[in-house]
Amino acid sequence: VKALLAVLMIILAAAPAYSQQVIIEETLEGSISYQSNISVGYRIFNPADRGVSIGFYFPAHRPQEIPPSSYQFGEKKIYLSPGETFEETYRFTFPLAQPIGLWKGLELRYPVQLIVDPEVEVEFTRKGRLRVEMGDVRRVVCQGCRFEDDEVLISQEADLPQRLDIHIQFAPPLRAGLFYSIMILGLIAFVVKRR
Amino acid sequence: MRRNGSNPLKVAALLFLSGFYLGYTVRFFDIIPETLDSGYLYPLYPLAKASSWVLPYFRHGLRPSSLSALDVTRYNLFPAALLIATGSLFALPTMILLFIIGFFTGMGLVEIVQYAPVGAALYLLLTTGLFTASMLYCASTGFHLCSSVTEVIEGGEFRLSKTLLDHLLLSIGITLLSIAVQIMGVRL
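This is a predicted model, so every value here is computed, not measured. (Residues numbered from 1 in each chain as written. Chains lettered and ligands numbered in written order. Predicted model: local features only at pLDDT ≥ 70, side-chain atom pairs only at ≥ 80, totals over all residues. Heavy atoms only, no water.)

Colleague: Mind laying out the layout of surface pockets, listing which residues take part and the relevant values?
Modeller: Estimated volume of the largest pocket: approximately 600 Å³. As for the largest pocket, its lining consists of 19 residues, and the residues nearest its centre are Leu187(A), Ala13(B), Leu14(B), Leu17(B) and Ser18(B). For the lining of the largest pocket, the secondary structure elements donating two or more residues are α2 (174–194) of chain A together with α1 (8–28) and α5 (118–153) of chain B. Per-element tally for the lining of the largest pocket: the top contributor is α1(B), with eight residues. (1 Å grid on protein atoms, 1.4 Å probe; cavity = no way out; pocket = protein on both sides within 12 Å on 5 of 7 lines; lining within 4 Å. Points joined across faces, edges and corners; volume = space filled by probe spheres on them. Helix = DSSP H or I, 4+ residues; strand = E, 2+ residues; numbered from the N terminus.)

Colleague: Now, about the nonpolar core: what can you tell me, with residues and values included?
Modeller: With 53 residues, the main nonpolar core has Tyr24(B), Tyr42(B), Leu83(B) and Leu98(B) as its most contacted residues. Of all the secondary-structure elements, those providing two or more residues to this core are α2 of chain A together with α1, α2 (44–50), α3 (69–85), α4 (92–115), α5 and α6 (162–186) of chain B. It is α5(B) that provides the largest number of residues to this core, a total of 13 residues. For Leu83(B), the contacting residues outside a window of four places in its chain are Thr94(B), Leu97(B), Leu98(B), Ile101(B), Met135(B), Cys138(B), Ala139(B) and Gly142(B). Leu28(A), Phe92(A), Leu108(A) and Leu164(A) belong to the second-largest nonpolar core, a separate cluster that totals 39 residues. (Core = buried A, V, L, I, M, F, W, Y, C linked by side-chain atoms within 4.5 Å. Buried < 20%, exposed > 50% of the residue type's maximum accessible area, 1.4 Å probe, protein only. Contact = heavy atoms within 4.5 Å.)

Colleague: Outline the pattern of salt bridges, supporting the account with residue identities and numerical values.
Modeller: Tallied over the entire structure, the rule returns 11 salt bridges over all chains. A salt bridge links Arg43(A) to Glu25(A), with the shortest nitrogen-to-oxygen separation between them at 3.7 Å. One end of the pair, Arg43(A), is in strand β2 (residues 35–45); the other, Glu25(A), is in strand β1 (residues 21–32), with 18 residues separating them in the sequence. Judged by relative accessible area, which is 30%, Arg43(A) ranks as partly exposed. Taking the relative accessible area as the measure of exposure, Glu25(A) reaches 28% and is therefore partly exposed. Across the pair Arg27(B) and Asp30(B) runs a salt bridge whose closest N-O atoms are separated by 3.4 Å. The same class applies to Arg27(B) as to Asp30(B), namely buried. Overlapping salt bridges, with partners in common, bring together Arg129(A), Arg131(A) and Glu151(A) in one network. (Salt bridge = Lys/Arg side-chain N within 4 Å of Asp/Glu carboxyl O.)

Colleague: Which residues make up the sheet that holds strand β6 (residues 106–109) of chain A, and what values do they have?
Modeller: Residue and element names in this part refer to chain A. Read from one edge of the open sheet, three strands run β6-β12-β9, paired in antiparallel fashion. The strands lining the two open edges of the sheet, one partner per strand, are β6 and β9 (137–141). Neighbour to neighbour, the strand axes of the sheet diverge by 20 degrees on average, direction disregarded. With four bridges joining them, β9 and strand β12 (residues 165–170) adopt antiparallel strand pairing. Note that in β12 the partner of Val-140 across the bridge is Ile-168. (Pairing = 2+ DSSP bridges. Axes fitted to C-alpha atoms, helices over the stretch in contact; angles between N-to-C directions.)

Right, dumping it as structure tokens:
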């Protein structure tokens, strides 16, 4: 019996530890303008010894004036068997989330979110480059991003797929400000002359 | 409206410029982050949009709709007619409308000044000047019309003063000139 138990212990110790992990690689390419065109490629690999399902969620906050044909909103679920790899590229056209202020700049909220079972361990990487096709951009703020030569270079690593928020800040509105100053000076000159 | 020493054109200018100043301030400081777009209150903003001179319009992902010469004519004639005709209602609606038109003009001009290419911005400033002159003379005509109506109510005879006729002719002339210059812009 002892020998049998010892053999069992050896077999258990030698057995691979149970792991439920998926590897998600997201690659973004495209351009950001007042309307953004982004293509996003996914490579999801399931190295675990049992299947896993992953949901793609595309939030449906589509403004009315956008033709529905230019969107691929909705939900999609994929099931990956052990050792299986999923590869697909999606193309999105969407407007920027916030109205444009002369000072505030604008916020781009990349609309895709991946939903993975919380028990599943995720190794998530996001990389890519997005060309900013707008004038007067002062800087771009984004977690894990760099802004160089009109391009947002993205390189993020995380445990869970995170939403990508890019805040684009414009240079101060100089021309409009100059015109405003002329108006104010004109007003002051008018008042002084009248007095 | 027309009383001894009063000058309707000055009153109109004061009302318009007050509205203009307020509209420009509100848009410049992002109190309202989007330009309220009504061609009937400031026809040059749709013109700038249609000519792709005001870039933020693309945020909605649509190409701006084209603007025809007929649209430009409608956008200019309607406020002009409104300002003159409402003069008969004791000029109060004329004053309010003129202030609102000034507000929209100021608001629309911010994006034009900021975003349009220099040549286009100068052209639009010139046309805005013409549009402003047209609106001021139309409002002044409305104010004179108000005086005539008031005189009739007070028991006098209905008379159209020479200034009213002069301003009416000027309104028509400047409005037509403004429309012509804007139609040139549509064809650019």
